[in-house]
Amino acid sequence: MELIDTHCHLDLQEHFQRFEAELARAHAAGVKTIILPGVVQAGWKRLLQLCNCSQGVFGAPGLHPLYLAYHHPHHLQELQELVSANGSQRAVAIGEIGLDYYPENVDRTAQQELFEQQLQIAATARLPILLHVRKAHDQVLATIRRKHFTQGGIVHAFSGSYQQACAYIKLGFGIGICGTITYDRAQKIRKIAAQLPQESLVLETDAPDIPLAGHRGESNHPQFLPEVLETLASLRKEPGEVTAGYTCANARRILNLAD
Ligand SMILES: [Zn+2]
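Summarised in this report is the structure supplied together with it. (Residues numbered from 1 in each chain as written. Predicted model: local features only at pLDDT ≥ 70, side-chain atom pairs only at ≥ 80, totals over all residues. Heavy atoms only, no water.)

1. Side note on helix α2 (residues 44-53)
Condition: Whether a residue is buried, partly exposed or exposed follows from its accessible area with a 1.4 Å probe, protein chains only, as a fraction of its type maximum: under 20%, in between, or over 50%, in that order. Strands here are runs of E lasting at least two residues and helices are runs of H or I lasting at least four, both read from the DSSP assignment and numbered beginning at the N terminus. By construction, the arc corresponds to the directions joining the helix axis to the C-beta atoms. Residues count as neighbours in contact if any of their non-hydrogen atoms are within 4.5 Å of one another.
Among all positions of α2, only W44, L47, L48, L50 and C51 are buried. Buried residues of α2 fall within an arc of 155° about the axis and therefore sit on the same side. Exposed side of α2, more than 90 degrees from the buried face: K45 and C53 are the residues found there. In this structure, the buried residues of α2 make contact with α1 (19-28), β2 (31-37), β3 (57-60) and α3 (73-84).

In C-alpha cells form, the structure reads like this:
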C-alpha cells in the first residue's frame, strides 16, 4: 500500500531538524510521496533543494495569506521566474495560497490581491494550486470563477460545507482530508468526508500542525498519515487499500505526478 501526503511542512527546520530521518520513517509507514507547500519566500530555496535531492518529494512554492508582513512585491516576480524555469527544480503546484478570514483584523484586501496575483502566475505556468482557506470559501470560489482559473488543485485541510466542497470539485479541485477527521467531535467534516465522491479525495497531514486524536500534545509527522487513511476508510465503510488506491490516483492526476 502506498500513500501520498499532499500537504506536509517537512522542510521547516524549526520543527523537523532531521529531514532524512523523518522521510525514512514516512517511507517505512508507506508514505512514499510528499508535497511540500511554500509559506514565505525565504523558505523556497530549501524546499526546492529538498525536492531535488529526495525521491518522491515535490514542491509547491507560494506565499501564504497569513504571512503578509513577510511578503514583498518582488517575491511575486521571483515566483513567476521560479515556476517558468525549466529544470529539475520545477514546482508541481503553487501553494499554499488563498484567503484566511479566521483571525480578526486581517487585511482582506491585501490577501485578495496576493491571492489573485498568484492565481495569475499559476494560470500562466499552467500549474494547479494548493489552497489554504478558512472562513472564506465563498470568496475563494467566486475569485476562481471570476478569474476563469482552470488548472484546479487541492483545497488543503478542507473545513467548509458539503455544498462548498461540491463547488470546488466542479472547478477541478480535490478535497484535502487531514487529521481533523480522527476526532469524534468533528462530526461535520466526518460526514462530508464519508459522502464526497471517490475522485475528489486526497490525504494530507499538514505536519507539524493538526495533531491526530491519540497524539495530542505531540507534533504531527507524515508517518501518521496511515491513521488518517484508516479513519477515512472506516467512515466510508471500505477497505483501507481501496481508499489508499483512489486517494493516490487522485493526487497524481491533480498534481500531474508520474505513476
Ligand atoms: Zn500548510
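From this point, the discussion proceeds with the structure in view.
2. Topic: the side chain of S200
Mapped onto the secondary structure, S200 falls in the loop between α7 (187-195) and β8 (201-203). We classify S200 as buried; its relative accessible area is 2%. Those residues in contact with S200 that lie beyond four places of it in its chain are I169, G174, I175 and N250.

3. Quick notes on the pattern of salt bridges
For clarity, the cut-off: One speaks of a salt bridge when a side-chain nitrogen belonging to Lys or Arg is within 4 Å of a carboxyl oxygen belonging to Asp or Glu.
By the definition in use, this model includes 7 salt bridges. Here R252 ties to E2 by a salt bridge, and the two come within 2.8 Å at their closest N and O atoms. In this pair, R252 is assigned in helix α9 (residues 240-255) and E2 in the segment before β1 (3-5), connecting sequence segments 250 residues apart. For R252, a relative accessible area of 13% translates into the label buried. Where R25 meets E22, a salt bridge forms, and the shortest distance between an N and an O atom there is 3.4 Å. Here E22 and R25 lie together in helix α1, a separation of 3 residues that amounts to about one turn. Taking the relative accessible area as the measure of exposure, E22 reaches 6% and is therefore buried. By sharing partners, the salt bridges in this structure join E116, R146 and K147 into a single network.

4. Focus on the nonpolar core
Generally speaking, nonpolar side chains in soluble globular proteins are found buried as a group. Just so we agree on the cut-off: What is meant by a nonpolar core is a set of buried Ala, Val, Leu, Ile, Met, Phe, Trp, Tyr and Cys residues, joined one to another through side-chain atoms within 4.5 Å.
Membership of the largest hydrophobic core comes to 67 residues, with the highest contact counts inside it found for I94, I129, L131, Y168, I175 and I177. When residues in this core are grouped by element, the largest group, 6 residues, is from helix α4 (residues 108-125). With residues near it in sequence (within four places) discarded, I94 still touches A60, P61, G62, L79, V83, Q118, I121, A122, L127, P128, I129 and L130. In terms of nonpolar packing, the next biggest core, distinct from the first, is built from 13 residues, I35, L130, C248 and I254 among them.

5. Things to note about unusual backbone geometry
For the peptide bond that leads from G95 to E96, omega is -10°, which places it in the cis range. A positive phi angle, near 50°, is found at I210, a position not held by glycine. Within the secondary structure, I210 is located in the loop between β8 and α8 (225-235). A residue is classified by how much of its surface remains accessible, and I210, at 22% relative accessible area, is partly exposed. Located in the positive-phi region is K237, a residue other than glycine, with phi close to 55°. Secondary-structure assignment places K237 in the loop between α8 and α9.

6. A closer look at the coordination of the zinc ion
Test applied: Sites may look incomplete, because water is not among the atoms used; the donor set itself consists of N, O and S atoms within 2.8 Å of the metal (3.2 Å for Na, K and Ca).
Coordination of the zinc ion by the protein comes from H7 (NE2), H9 (NE2), E96 (OE) and D206 (OD), over a distance range of 2.1 to 2.7 Å. Sequence positions of the donors to the zinc ion reduce to the motif H-x1-H-x86-E-x109-D. Taken as a pair, H7 in the loop between β1 and α1 and E96 in strand β4 (residues 94-100) lie far apart in primary sequence, 89 residues in all. Accessibility classification places H7 together with E96 in one group, the buried group.

7. Regarding the environment of H15
Looking at where H15 falls in the secondary structure, it is placed in the loop between β1 and α1. Note: C-alpha distance between H15 and S219 (204 residues apart in sequence) is 8.4 Å.

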